[in-house]
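Chain by chain, the residues:
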Protein chains: 2
Amino acid sequence: MESNEMGKRIPNALMMTRGHESGNRFPADSYDCNNRMLLKMPETVALNEELSVTASTLSEVAKLAGVSPATASRVLNGSARTPAPEIAERVRQAADTLGYIANAQAQALAKSSTGLIGLIVHDIADPYFSAIAQGVQAAARQERRMVLLATTNGTPAEEKEAVAAFAARRAESIVIAGSRSTRSEDARANTELAAELDRYCRNGGRVGVVGQAILGVGETDSYRTIAVPNERLAQDLARELARTHKGPFAIVAGPEGLTTSDERVMGFQRGLSDAGQPAADVVHVAFNRNGGFDAGIELAWRIKASGQSAPEQRLCIFATNDVMAIGVAAALRDQGLRVPHDASLAGFDDIEWLRDFRPALSTVSLPLEEIGRLATIATLSDDDGGPAAVAGSVTLRRSTSSP
Amino acid sequence: MESNEMGKRIPNALMMTRGHESGNRFPADSYDCNNRMLLKMPETVALNEELSVTASTLSEVAKLAGVSPATASRVLNGSARTPAPEIAERVRQAADTLGYIANAQAQALAKSSTGLIGLIVHDIADPYFSAIAQGVQAAARQERRMVLLATTNGTPAEEKEAVAAFAARRAESIVIAGSRSTRSEDARANTELAAELDRYCRNGGRVGVVGQAILGVGETDSYRTIAVPNERLAQDLARELARTHKGPFAIVAGPEGLTTSDERVMGFQRGLSDAGQPAADVVHVAFNRNGGFDAGIELAWRIKASGQSAPEQRLCIFATNDVMAIGVAAALRDQGLRVPHDASLAGFDDIEWLRDFRPALSTVSLPLEEIGRLATIATLSDDDGGPAAVAGSVTLRRSTSSP
DNA sequence: TGTCTCATGGAAAGCGCTTACCAGATGGGA
DNA sequence: TCCCATCTGGTAAGCGCTTTCCATGAGACA
């Protein structure tokens with residue numbers, strides 16, 4: 001036994017509970033409007049040295065109410081059988097008095113169902129992920145679940161660890177957001193991740209993946225992916241841009257092997273090709289703001305070298321996500337170049353917090369919060385309404401308008 | 001028993017485990033470098049109809065290893081007593097073979113310690129909170145804890161519910177971020193929140209609050225607040241601005257009664273007064289981007305009405321957080337006004353994602369991630385190094401430079 | 001060789017709940 | 001009036017672990 005943990009039993013901790021008459025701070029029984037047990041603050045007094053007292057248990061409540069634990073359980077924690085109203089009332093009173101809060105761990109153990117949802121993201125501070133997290137949280141709340149959070153910096157190894165941790169906690173489902181990687185150095189970790197997920201699923205867990213499927217995990221019905229049509233949308237974007245932009249294109253991409261980035265690059269190139277344009281140069285950098293900045297510096301050089309001549313020479317830069325695009329913009333500005341005057345710039349994601357940037361960023365809008373919500377619901381519901389997919393749309397703004 | 005939950009026992013689900021020789025996908029025992037149990041994928045086959053099999057238990061591992069559950073527990077899940085190396089090895093092998101993952105719920109129940117940290121924020125999609133969440137997550141990982149996330153929209157009523165839910169899950173500590181409210185309509189919910197926290201603490205939980213103390217909760221050593229010197233920093237900011245800005249000031253604040261906003265307003269006014277300037281007008285709006293936008297429209301009107309005359313008439317606007325400042329900037333731009341040409345603008349928080357905005361926003365830098373980390377550590381460590389506080393600093397950028 | 005002390009593995013008692021099953025009561029129909 | 005179906009509360013057996021306590025065996029020392 002450790003010393004000062006939550007729920008620690010303190011032997012012989014006598015616990016006296018004064019009744020409501022003794023200066024209860026609460027204004028009577030007025031707000032037990034929801035059907036949750038009314039959790040009033042018990043004014044407890046420990047009679048021995050120990051100040052800390054123990055959370056009261058179901059049996060204590062039962063004893064105080066003069067019923068069996070079974071009955072107490074039935075009235076307090078929802079069951080098919082409902083004890084007589086008079087008894088139920090007594091139990092509820094007792095629970096009130098003792099300030100009873102059911103021990104979710106014990107319930108989980110007994111019912112084998114924890115009400116936990118695991119969420120895995122690369123970086124919770126990244127607005128892309130925090131928007132998704134928002135959706136997951138909303139769905140979880142709606143389904144009366146709690147969310148466990150894990151951040152992994154995008155490495156499959158840490159993702160695997162997170163899955164194992166969630167499995168240990170017997171999370172009912174896991175939502176994984178963030179690009180996959182097909183890089184060879186991640187191959188082994190990916191395999192392990194897939195194995196871990198597979199085991200998790202076989203033990204009854206459900207998994208929802210945002211974006212692309214995780215390699216090596218079979219598509220069972222306990223494993224869903226919310227497909228984001230990165231490729232098609234990037235293609236649309238390219239076609240749309242090619243309609244007005246006549247100069248060359250460049251792509252600022254994440255590291256090769258980062259699936260999301262790769263998909264967007266491929267789609268964009270195809271869109272250009274559809275429009276009869278030559279393929280764009282691709283610069284590979286880190287898939288974040290600073291990566292974008294680095295690429296921006298590089299591109300600024302090229303632009304300046306090209307003499308910023310005719311409008312047909314103007315470069316159109318597609319950054320494979322908004323945050324990178326912001327980095328690119330910062331770098332261009334840093335180099336004395338202006339968007340869209342000296343170059344057009346487009347991003348991807350349509351991050352809400354970036355909408356007030358100027359020049360307003362052309363991008364592909366993705367319903368991120370909705371994606372989080374869908375992924376969560378998908379792992380919770382039984383109807384496998386086929387592979388869920390989300391819609392996105394090209395959003396043209398000033399950053400790609402003609403100068 | 002419900003039907004398809006994680007950990008559901010399937011009666012008589014015979015489970016056969018093939019050994020490593022049978023086509024194990026893993027490249028031998030090469031990466032059990034950390035002292036965690038090596039979790040290899042068991043190639044299990046259910047012999048009856050049921051496809052889903054149950055996670056294996058400690059007893060199964062013990063049986064397979066030919067030892068008692070006690071011994072298995074001692075070798076697998078860290079204990080003071082370490083069984084003989086030869087036995088330990090056998091147990092570890094068995095665990096490997098079965099793909100054993102300890103049931104954290106059961107452990108929690110037995111040890112009364114869950115390894116859970118609860119995090120309560122207003123809105124996880126808000127970069128202010130997601131930055132703090134990042135810090136909490138980092139600290140939690142370092143301390144080998146998992147974080148449970150709850151978002152509350154800033155209402156004390158939902159915060160109270162979150163605390164109750166965390167208490168039910170026996171989270172070892174709770175970190176609460178986000179401004180308090182002293183509005184009268186929140187008074188009752190605040191009291192209830194305080195009572196809930198109080199009970200939680202008395203049951204051995206620790207609480208860390210970012211910003212200001214929660215009213216009505218006694219400052220015990222199980223309850224810490226990470227003080228953010230909003231008032232002093234706002235005062236510094238005002239003094240700093242007053243040094244160069246000679247025109248009038250205006251404050252864009254959150255709703256009256258929102259403590260963080262109130263503190264920043266007070267500090268700013270005091271700073272102005274220190275500098276011999278008259279107090280600023282205060283506009284109260286929602287404490288978010290759109291609130292800032294609304295205020296910005298209003299202020300744009302005033303600016304235009306004043307005829308944008310002499311530099312001594314130029315307005316300096318202090319928005320009580322960065323996100324509001326961005327809203328103000330958007331509104332001014334919308335109304336054809338330019339920052340800093342037609343008005344100066346400053347924010348508070350120095351949100352990382354907003355640093356690429358132009359004009360660059362003068363603000364007060366706060367180490368948000370560090371704050372999250374500190375709050376978390378504070379609730380976990382025993383040394384009560386006194387009331388922890390964080391430093392911040394005034395950061396002047398273009399948005400308040402002379403036109 | 002005998003006694004005492006350690007070291008070590010196992011038995012068993014929980015941790016706080018849920019729920020299958022049981023026994024007693026109740027009521028309705030024959 | 002009797003029997004059976006039904007309802008209701010209680011009993012007890014888990015859920016999967018940890019940990020105390022005990023029994024056994026091995027050394028240590030005289």
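Preceding block: the structure.
A quick note: this is a predicted structure, and the numbers were derived from the prediction, not measured. (Residues numbered from 1 in each chain as written. Chains lettered and ligands numbered in written order. Predicted model: local features only at pLDDT ≥ 70, side-chain atom pairs only at ≥ 80, totals over all residues. Heavy atoms only, no water.)

1. Some words on the protein's contact with DNA strand C
Here is step 1: Surveying the vicinity of DNA strand C reveals 28 residues, the closest of which are A:Leu58, A:Ser73, B:Thr71, B:Arg74 and B:Arg81.
Here is step 2: Counted by atom, the contact set of DNA strand C within 4 Å of the protein is 63% sugar and phosphate.
Here is step 3: Within the side chain of A:Asn77, an N or O atom sits 3.3 Å from a phosphate oxygen of DNA strand C.
Here is step 4: Residue A:Arg81 places a side-chain N or O atom 3.3 Å away from a base nitrogen belonging to DNA strand C.
Here is step 5: Of all the secondary-structure elements, those providing two or more residues to the surface near DNA strand C are helix 2 (69–76) and helix 4 (104–111) of chain A together with helix 2 (69–76) and helix 4 (104–111) of chain B.
Here is step 6: If you tally residues by element for the surface near DNA strand C, the top one is helix 4 of chain A, at four residues.
Here is step 7: Across the surface near DNA strand C, the residue classes tally to 15 nonpolar, seven polar and six charged. (Near = heavy atom within 4 Å. Polar contact = N/O pair within 3.5 Å; in protein donor to acceptor, adjacent residues only side chain to side chain. Helix = DSSP H or I, 4+ residues; strand = E, 2+ residues; numbered from the N terminus. Nonpolar A, V, L, I, M, F, W, Y, C, P; charged D, E, K, R; others polar.)

2. What to know about the protein's contact with DNA strand D
Here is step 1: The environment of DNA strand D is formed by 27 residues, the closest being A:Thr71, A:Arg74, A:Arg81, B:Leu58 and B:Ser73.
Here is step 2: When atoms of DNA strand D within 4 Å of the protein are split into backbone and base, the sugar-phosphate part holds 61%.
Here is step 3: Within the contact set of DNA strand D, a phosphate oxygen lies 3.4 Å away from a backbone nitrogen or oxygen of A:Ala84.
Here is step 4: Between B:Ala106 and DNA strand D, the recorded distance is 3.4 Å, taken from a backbone N or O atom to a base nitrogen.
Here is step 5: The set of elements that each furnish at least two residues to the surface near DNA strand D consists of helix 2 and helix 4 of chain A together with helix 2 and helix 4 of chain B.
Here is step 6: In terms of residue count, helix 4 of chain B provides more of the surface near DNA strand D than any other element does, four residues in total.

3. A look at helix 11 (residues 322–334) of chain A
Residues and elements named next belong to chain A.
Here is step 1: Along its 13 residues, helix 11 runs 18 Å from first to last C-alpha, staying within 8% of the 18 Å computed at 1.5 Å per residue.
Here is step 2: Helix 11 sits mainly inside the fold: eleven of its 13 residues count as buried.
Here is step 3: Where helix 11 is buried, its residues touch helix 5 (127–142), strand 8 (249–253), helix 10 (289–305), strand 10 (315–319), strand 11 (343–346) and strand 12 (363–365).
Here is step 4: Structurally, the start of helix 11 carries an N-cap: the backbone nitrogen of Val 323 is 3.0 Å from a side-chain oxygen of Asn 321. (Expected span 1.5 Å × (residues − 1). Buried < 20%, exposed > 50% of the residue type's maximum accessible area, 1.4 Å probe, protein only. Contact = heavy atoms within 4.5 Å.)

4. Some details on the nonpolar core
Inside soluble globular proteins, nonpolar side chains tend to come together where they are buried.
Here is step 1: A:Phe268 and B:Phe268 are the most contacted members of the largest nonpolar core, which totals 140 residues.
Here is step 2: With residues near it in sequence (within four places) discarded, B:Phe268 still touches B:Ala234, B:Gln235, B:Leu237, B:Ala238, B:Leu241, B:Phe249, B:Ile251 and B:Phe318. (Core = buried A, V, L, I, M, F, W, Y, C linked by side-chain atoms within 4.5 Å.)

5. Section: the sheet that holds strand 10 of chain A
All names here are of chain A.
Here is step 1: Spatially, the four strands line up as an open sheet ordered 9-8-10-11, and their pairing is parallel. Looking at strand neighbours, the two that pair on one side only are strand 9 (281–284) and strand 11, the edges of this open sheet. Going across the sheet, the axis of each strand differs from the next one's by a mean of 20°, ignoring polarity.
Here is step 2: By the bridge criterion, four bridges tie strand 8 to strand 10 in an arrangement that is parallel. The partner of Val 252 across the bridge, within strand 10, is Ala 319.
Here is step 3: The strands touched by helix 9 (residues 259–274) are strand 8, strand 9 and strand 10; relative to strand 8, the strand with the most contacts, the crossing angle is about 170°. (Pairing = 2+ DSSP bridges. Axes fitted to C-alpha atoms, helices over the stretch in contact; angles between N-to-C directions.)

6. Concerning the pairing of strand 5 (residues 173–176) of chain A
All names here are of chain A.
Here is step 1: Residues Ser 173 and Val 175 of strand 5 are buried on one face, and the alternating residues Ile 174 and Ile 176, pointing to the opposite face, are buried as well.
Here is step 2: Here strand 3 (residues 116–121) pairs with strand 5 via four bridges, running parallel. Bridged to Ile 117 within strand 5 is Ser 173.
Here is step 3: After leaving strand 5, the chain enters helix 7 (residues 187–202) and then returns to the sheet as strand 6 (residues 206–210), a path that is right-handed. (Right-handed = clockwise from strand over helix to strand, strands pointing away.)

7. As for the environment of A:Thr259
Here is step 1: Structurally, A:Thr259 can be placed in helix 9.
Here is step 2: Counting along the chain gives 48 residues from A:Thr259 to A:Gly211, while the straight-line C-alpha distance between them is 9.0 Å.

8. Re the environment of A:Val61
Residue and element names in this part refer to chain A.
Here is step 1: Examined against the element boundaries, Val 61 turns out to sit in helix 1 (residues 58–65).
Here is step 2: In this structure Val 61 comes out as buried when scored by relative accessible area, which is 0%.
Here is step 3: The spacing of Val 61 and Ala 95 is 34 residues in sequence and 5.5 Å in space, taken between C-alpha atoms.
Here is step 4: Those residues within four positions of Val 61 in sequence are excluded, and the remaining contacts are Leu 76, Val 91, Ala 94, Ala 95, Leu 98 and Tyr 100.

9. A look at the packing of helix 1 (residues 58–65) of chain B against helix 2 of chain B
Residue and element names in this part refer to chain B.
Here is step 1: The interhelical angle for the contact between helix 1 and helix 2, taken along N-to-C directions, is 105°, at an axis separation of 8 Å. Looking at the two axes, helix 1 sits roughly perpendicular to helix 2. In contact with Leu 58, Val 61 and Ala 62 of helix 1, helix 2 contributes Pro 69, Ala 72, Ser 73 and Leu 76. (Parallel < 35°, antiparallel > 145°, perpendicular 65-115°, else oblique.)

10. Examining the packing of aromatic side chains
How two aromatic rings sit relative to each other is set out by the distance from centre to centre and by the angle between their planes.
All names here are of chain A.
Here is step 1: Here the structure, examined in full by the defined rule, presents nine aromatic pairs over all chains.
Here is step 2: Between Phe 318 and Phe 348 the ring centres are 6.4 Å apart and the planes differ by 50°, which places this aromatic pair in the tilted class. Of this pair, Phe 318 sits in strand 10 while Phe 348 sits in the loop between strand 11 and strand 12, and the two are 30 residues apart along the sequence.
Here is step 3: Here Phe 318 falls in the buried class, since its relative accessible area comes to 0%.
Here is step 4: What makes Phe 348 buried here is its relative accessible area of 0%.
Here is step 5: An aromatic cluster of three or more residues is present, and its members are Phe 249, Phe 268, Phe 318 and Phe 348. (Phe/Tyr/Trp six-rings, centres within 6.5 Å; stacked < 30°, edge-to-face > 60°.)

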